[in-house]
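Close look at the chain arrangement
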Amino acid sequence: MQFLKGKTALVTGSTSGIGLGMAHALARHGANVVLNGFGDAQAACDAVAAHGTKVMHHGADMTQPGEIEAMMTEAVARMGRVDILVNNAGIQHVAPLEAFATERWDAVIAINLSSAFHTTRLALPAMTQAGWGRIINIASTHGLVASAQKAAYVAAKHGIIGLTKVTAIEAANTGVTCNAICPGWVLTPLVQQQVDAKANALGITVDEAKRQLVGEKQPQTQFTTPEQLAEMAVFMCQDAASNVQGAAWTMDGGWTAQ
Ligand code: NAD
């Protein structure tokens, strides 16, 4: 049953990784999809369109509020309305605080946190007017706990959980919900960079670096997949989840249970 038929989902940062997984799952359930992100947008559009729904891509840079506004306007013009907003675009930068480049701090905060403020403020009025909407913020275990050398990422992810709660409270009783998903390790290009850096730094194989990376944080030592996370997002779109409001749900192999 394509329970999202007639609805439109906009997923930021969806040319790769978790966002692309979200786009596939939402399209499989019938939603039209607005993709965003860099890289091979055409390949992502073709892959998602194979589910038989309408797909468009907008290349807005999530560091630029003006480009975000243009994306939201074009999405509405071409698709009708944004019913489901997945704030997923994100980058990582790893460095100790005293050596953390201020330009990298600004970029991480802009992409991982401020972009969600902009998309949310722009999408919310039409959702509340329609009496239905879903805002799903892709946070992280780093929205709940910290790790060394990830100051901007941890600050942004804690921030997006705060934004999730405020949005949820303001949207209460309108038919709109706002929730966060907090993944542990997912083997996407964002994490592959950290695996490669570890392998280089320690002179170990990539497979050993993967094992060490996950094992340092997660009692359960397999990576979560984009497909598993997307099923959580699909559930959040169902009527059964209409009273899930302001939550930060983990899928992290026990990382934050410790
Ligand atoms: P990824 O690198 O595979 O994908 C990131 C996406 O964001 C890409 O589509 C990229 O083009 C896009 N993007 C990057 N900068 C952008 C910008 N300035 N404007 C527009 N788009 C931009 O990464 P991923 O691992 O799939 O990460 C997706 C989200 O999941 C991020 O918010 C990340 O913090 C979060 N997350 C990832 C993990 C993990 O282990 N991979 C864990 C927890 C949370």
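Cut-off values and rules
Residues numbered from 1 in each chain as written. Predicted model: local features only at pLDDT ≥ 70, side-chain atom pairs only at ≥ 80, totals over all residues. Heavy atoms only, no water. Near = heavy atom within 4 Å. Polar contact = N/O pair within 3.5 Å; in protein donor to acceptor, adjacent residues only side chain to side chain. Areas by Shrake-Rupley, 256 points an atom, 1.4 Å probe, with all protein chains shown as cover. Helix = DSSP H or I, 4+ residues; strand = E, 2+ residues; numbered from the N terminus. Contact = heavy atoms within 4.5 Å. Salt bridge = Lys/Arg side-chain N within 4 Å of Asp/Glu carboxyl O. Buried < 20%, exposed > 50% of the residue type's maximum accessible area, 1.4 Å probe, protein only. Domains from an automatic or database assignment. Buried area = accessible area lost by both parts, 1.4 Å probe.

Looking at the site of the ligand
- Around the ligand, 30 residues are found, and the nearest of them are Ser16, Asn88, Tyr153, Val186 and Thr188.
- Tyr153 is positioned such that a nitrogen or oxygen atom in its side chain is 2.5 Å from an oxygen atom of the ligand.
- In this structure, an oxygen atom belonging to the ligand sits 2.9 Å away from a side-chain N or O atom of Lys157.
- Against a free-state accessible area of 830 Å², the protein chains account for coverage of 93% of the ligand.

Some details on the side chain of Lys150
- Along the chain, Lys150 turns up in the loop between β5 (133–138) and α5 (151–171).
- When neighbours within four sequence positions are excluded, Lys150 is seen to be in contact with Gln92, His93, Val94, Ala95, His142, Trp185 and Gln194.

Here we look at the pattern of salt bridges
- Going through the model one piece at a time under the given rule, you end up with 8 salt bridges.
- With a closest N to O distance of 3.3 Å, Glu69 and Arg121 form a salt bridge. Taken together, the residues Glu69 in helix α3 (residues 65–79) and Arg121 in helix α4 (residues 102–130) connect sequence positions 52 residues apart.
- For Glu69, a relative accessible area of 37% corresponds to the partly exposed category.
- The class of Arg121 is partly exposed, set by a relative accessible area of 34%.
- Between Glu74 and Arg78 there is a salt bridge whose closest N-O contact spans 3.2 Å. With a gap of 4 residues between them, Glu74 and Arg78 both fall in helix α3, about one helical turn apart.
- With relative accessibility at 44%, the residue Arg78 sits in the partly exposed group.

As for the domain arrangement of the chain
- Domains assigned within the chain are domain 1 (8–185 + 225–252) and domain 2 (187–223).
- Domain 1 and domain 2 are separated by 25 Å when their C-alpha centres are compared.
- Each partner contributes to the interface: domain 1 provides 14 residues, whereas domain 2 provides 11 residues.
- Summing both sides of the interface, domain 1 and domain 2 together bury roughly 990 Å²; the carbon and sulfur share of this comes to 60%.
- By the criterion of area lost to domain 2, the three top residues of domain 1 are Gln92, Trp185 and Asp252, representing 62% of everything that side buries.

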